[in-house]
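Structure assessment
Here's the letter readout for the chains.
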Amino acid sequence: MKHYYTEKVVAEDGSVSVQQQTGGNDALTLTFAPPMVVTTATLISKEMTLPVPMVPSKTAVLAAYDRTTVEELELSNWTRIGNDVLFEKTVNGQQTQKKTTFTDNTKFELVHRPDLFPAEEIVPKWELTPTIEPESPNRRPAQSK
Amino acid sequence: MAMARSIFVGLVVHFLLTAAPTAFGAKDVLSPRWSEQDLADLNADLVAVYRAEFRLRSVTENLTKLLMHERQQQLLGIEEGSVDFRSLHDELQEWWKRHVITPSFRIANNPAASCKVAQLLLLKLLSAERQSQHLGIDTGDMDWGDPDSTIRKALAPVKRRCLQEAFDACMESGNGWHLLSRLAADARQSQLLSMDDSEFEAQAVYLYRRCTVYQLRYHAQTQVAANYTFAWTQDGSVILLSDVDPSEGLGGLLQPHEWRGPRDVDPFDVLQSTTECATRAYGVWTAGAAVALPGAGEDQRRESVVEALLH
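First things first, this report covers the structure right here in the doc. (Residues numbered from 1 in each chain as written. Chains lettered and ligands numbered in written order. Predicted model: local features only at pLDDT ≥ 70, side-chain atom pairs only at ≥ 80, totals over all residues. Heavy atoms only, no water.)

1. Considerations on the overall build of chain A
Just so we agree on the cut-off: To qualify as a helix, a DSSP run of H or I must reach at least 4 residues; to qualify as a strand, a run of E must reach at least 2; elements of each kind are numbered from the N terminus. Accessibility here uses a 1.4 Å probe with only protein chains present; expressed as a share of the type maximum, an area under 20% marks a residue as buried, one over 50% as exposed, and anything in between as partly exposed. In what follows, a contact means two residues having at least one pair of non-hydrogen atoms within 4.5 Å. Per-residue accessibility takes into account occlusion by the displayed protein chains alone, with areas from the Shrake-Rupley method and a 1.4 Å probe.
The helix and strand tally for chain A stands at one helix and nine strands. In chain A, the order of α-helices and β-strands from amino to carboxyl end is β-β-β-β-β-α-β-β-β-β. Per-residue burial for chain A yields a buried fraction of 37% across its 145 residues. Put simply, of all contacts in chain A between residues at least 6 apart along the chain, 41% involve residues at least 24 apart. Of the roughly 8,700 Å² of accessible surface on chain A, a fraction of 51% belongs to carbon and sulfur atoms.

2. Re the overall build of chain B
A count of helical and extended segments in chain B gives nine helices and six strands. Within chain B, the fraction of its 311 residues that count as buried is 41%. Within chain B, contacts between residues separated by at least 24 positions form 63% of all contacts whose residues are at least 6 apart in sequence. Counting only carbon and sulfur atoms, one obtains 56% of the accessible surface of chain B, whose full area is about 17,300 Å².

3. A look at the packing of aromatic side chains
Centre distance and the angle of the planes are the two values used to describe a pair of aromatic rings. Our working definition: The pairing test for Phe, Tyr and Trp rings, Trp by its six-membered ring, is centres within 6.5 Å, and the orientation test on the planes gives stacked under 30 degrees, edge-to-face over 60, and tilted for anything in between. Only when the NZ atom of a Lys or the CZ atom of an Arg is both within 6 Å of the ring centre and within 35 degrees of the ring normal do we say a charge sits over the ring.
Summed over all chains, the structure comprises eight aromatic pairs over all chains. Note on phenylalanine 32 of chain A and phenylalanine 108 of chain A: the rings are 6.2 Å apart at their centroids and 55° apart in plane angle, and the pair reads as tilted. Here phenylalanine 32 of chain A is found in the loop between strand S3 (30-31) and strand S4 (39-44), whereas its partner phenylalanine 108 of chain A is found in strand S9 (residues 100-112), with 76 residues between them in sequence. A relative accessible area of 27% places phenylalanine 32 of chain A in the partly exposed class. With a centroid separation of 5.5 Å and an interplanar angle of 50°, the aromatic rings of tryptophan 126 of chain A and tyrosine 206 of chain B are classed as tilted. One end of the pair, tryptophan 126 of chain A, is in the segment after S9; the other, tyrosine 206 of chain B, is in helix H8 (residues 198-211), on a second chain. Accessibility classification places tryptophan 126 of chain A together with tyrosine 206 of chain B in one group, the buried group. The positively charged end of arginine 80 of chain A is found above the aromatic ring belonging to phenylalanine 87 of chain A, 5.5 Å away from the centroid.

4. Quick notes on the pattern of salt bridges
Applicable threshold: For salt bridges, the criterion is a side-chain nitrogen of Lys or Arg within 4 Å of an Asp or Glu carboxyl oxygen.
On inspection of all chains with the given rule, the structure shows 17 salt bridges over all chains. We note a salt bridge from glutamate 88 of chain A to lysine 107 of chain A, for which the minimum N-O separation is 3.9 Å. Of this pair, glutamate 88 of chain A sits in strand S8 (residues 85-97) while lysine 107 of chain A sits in strand S9, and the two are 19 residues apart along the sequence. Considered together, glutamate 88 of chain A and lysine 107 of chain A belong to a single accessibility category, that of buried residues. Counted as one network, the salt bridges with shared partners bring together Glu120 and Glu121 of chain A together with Arg209, Arg263 and Asp266 of chain B.

5. Side note on the packing of helix H6 (residues 150-173) of chain B against helix H7 (residues 177-192) of chain B
Residues and elements named next belong to chain B. Our working definition: To obtain an axis, a line is fitted to C-alpha atoms, over the contacting stretch when the element is a helix, and the angle between two such axes runs from 0 to 180 degrees between their N-to-C directions. Working rule for angles: under 35 degrees goes down as roughly parallel, over 145 as roughly antiparallel, 65 to 115 as roughly perpendicular, anything else as oblique. A crossing counts as left-handed when the near helix is turned anticlockwise from the far one by less than a right angle, and as right-handed when that turn is clockwise. Three categories are distinguished: nonpolar for Ala, Val, Leu, Ile, Met, Phe, Trp, Tyr, Cys and Pro, charged for Asp, Glu, Lys and Arg, and polar for the others, with Gly belonging to the last.
Where H6 contacts H7, the axes come no closer than 8 Å and their chain directions differ by 160°. Classed by the angle they form, the pair H6 and H7 counts as roughly antiparallel. As H6 runs across H7, the sense of the crossing is left-handed. Together, Leu155, Lys159, Cys162, Leu163, Ala166, Phe167, Ala169, Cys170 and Ser173 of H6 and His178, Leu179, Arg182, Asp186, Gln189 and Ser190 of H7 make up the contact between the two elements. Across the contact of H6 with H7, the residue classes tally to eight nonpolar, four polar and three charged.

6. So, the state of the cysteines
This is how the line gets drawn: The disulfide criterion is simple: two cysteine sulfur atoms within 2.5 Å.
Under the defined criterion, the tally for this structure stands at two disulfides over all chains. Disulfide connectivity for chain B, with bonded cysteines indexed by sequence position, reads 1-2, 3-4.

7. So, the environment of leucine 75 of chain A
All names here are of chain A. With respect to the helices and strands, the residue leucine 75 is situated in strand S6 (residues 74-75). On the basis of relative accessible area, leucine 75 is assigned to the buried category, the value being 9%. Ignoring sequence-local partners within four residues, the contact set of leucine 75 consists of Leu28, Thr29, Leu30, Phe32, Lys89, Val91 and Phe108.

8. Quick word on the pairing of strand S2 (residues 16-23) of chain A
Residues and elements named next belong to chain A. Our working rule: Two strands qualify as a pair provided that DSSP identifies no fewer than 2 bridges between them.
Bridge count between strand S1 (residues 3-10) and S2: eight bridges; the pairing is antiparallel. In the sheet register, glutamate 7 faces S2, and the bridge partner there is glutamine 19. Here S1 folds back onto S2 in antiparallel fashion, the turn holding five residues, of which glycine 14 has a positive phi close to 90°.

9. Some remarks on the side chain of aspartate 266 of chain B
Residue and element names in this part refer to chain B. Test applied: Throughout this description, a polar contact denotes any pair of N or O atoms lying within 3.5 Å of each other; where both atoms belong to protein, one of them has to be capable of donating a hydrogen while the other can accept it, and for residues adjacent in sequence the pair is counted only when both atoms sit in side chains.
When you line up the elements, aspartate 266 lands in the loop between strand S3 (259-260) and strand S4 (270-276). A residue is classified by how much of its surface remains accessible, and aspartate 266, at 10% relative accessible area, is buried. Looking at aspartate 266, its side chain comes within polar contact range of the main-chain nitrogen of arginine 263, at 2.9 Å.

None of this, on its own, says anything about what the molecule does.
Here it is as structure tokens:
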């Protein structure tokens, strides 16, 4: 991420000034791992009722972006927002295959949430007290524009 | 009208200045590490240090003159003077410790002091050492290899204070660079002094991981349209944790690393709402597709999945 810092600069005449400098880049790439969730859908026909495992929305989403695996979905060029929402990206995809049109519109937000660090991974001897005050669990999903 | 507008603007400004940060949807802010008493103590100690240094300057000038006179006498083979430099030095050292070093230690441990101010302690100690060397006396205070030496005892609170500052900057900005640059500077210092500080490095990397926790939130609207329409929305989030290993220290942190999630033990945070469904498609009726997934059971997790085509 881009960061700001100050640096003492000595001019040719020997005078010293403090200047603000920037370093780093706001570079973020999001890649996807294979899905972990399977739910059950039910196919109902006149002959039978058949429960089938289903990866929610995976097929349609991949089709909308003309991809065959989730690993091929790679999101870069995010927009830097500020804090605590650090980055934001909206993707739109639409593809038509065999008279079926797949459409997807997704907004992602990357939010800085140190309060969500897993309690079981806390190492008390390395903690610097006082720590951040715990945040109330008011999950707020990203909203569509 | 103009009066009313100015009052309104005034009220808005007042709200912006007084409202809690959470009123704007921001995450809770860090509670400061320092209290008003810490600020007062810092101010008092800084004044004490600068006042002592001011006094010391005149003492040093006189001492230097005395020292030069004594050396001249020695060179000329004249009987040694009555000045006992060792006891003079000890007195000076004691005075220096009481009026400069002790308050400097308090400054280094004061949470209101910035990293740079805390580093003042090290400068004072080095200055005292130079003074001792000038008098030809080895105090043993500056032995970097001795964990019990004054300089090593001073280094610990200074590094801790600087680490706290970097951690707080990371917690406020979400940018782990603050900790990375701090650790790089300290690791280089330790390397130059041949000091093993792997525990400190592990702590700094742990704090990097502790701070750089991100939540990926998403809102998705998806639609499949043919001679039927099937549409749904998904709201969810995933917690992303850095995969750096604290035991690898700075070396591991400098390697390319990623933020991954969710972990196997993390609860699912997905809410899927079907907005259009159950229309006839190719002679097969689709119904009861994933409507809600919060808290999906373990039996629904699979390493590999079978895709169910909707059409």
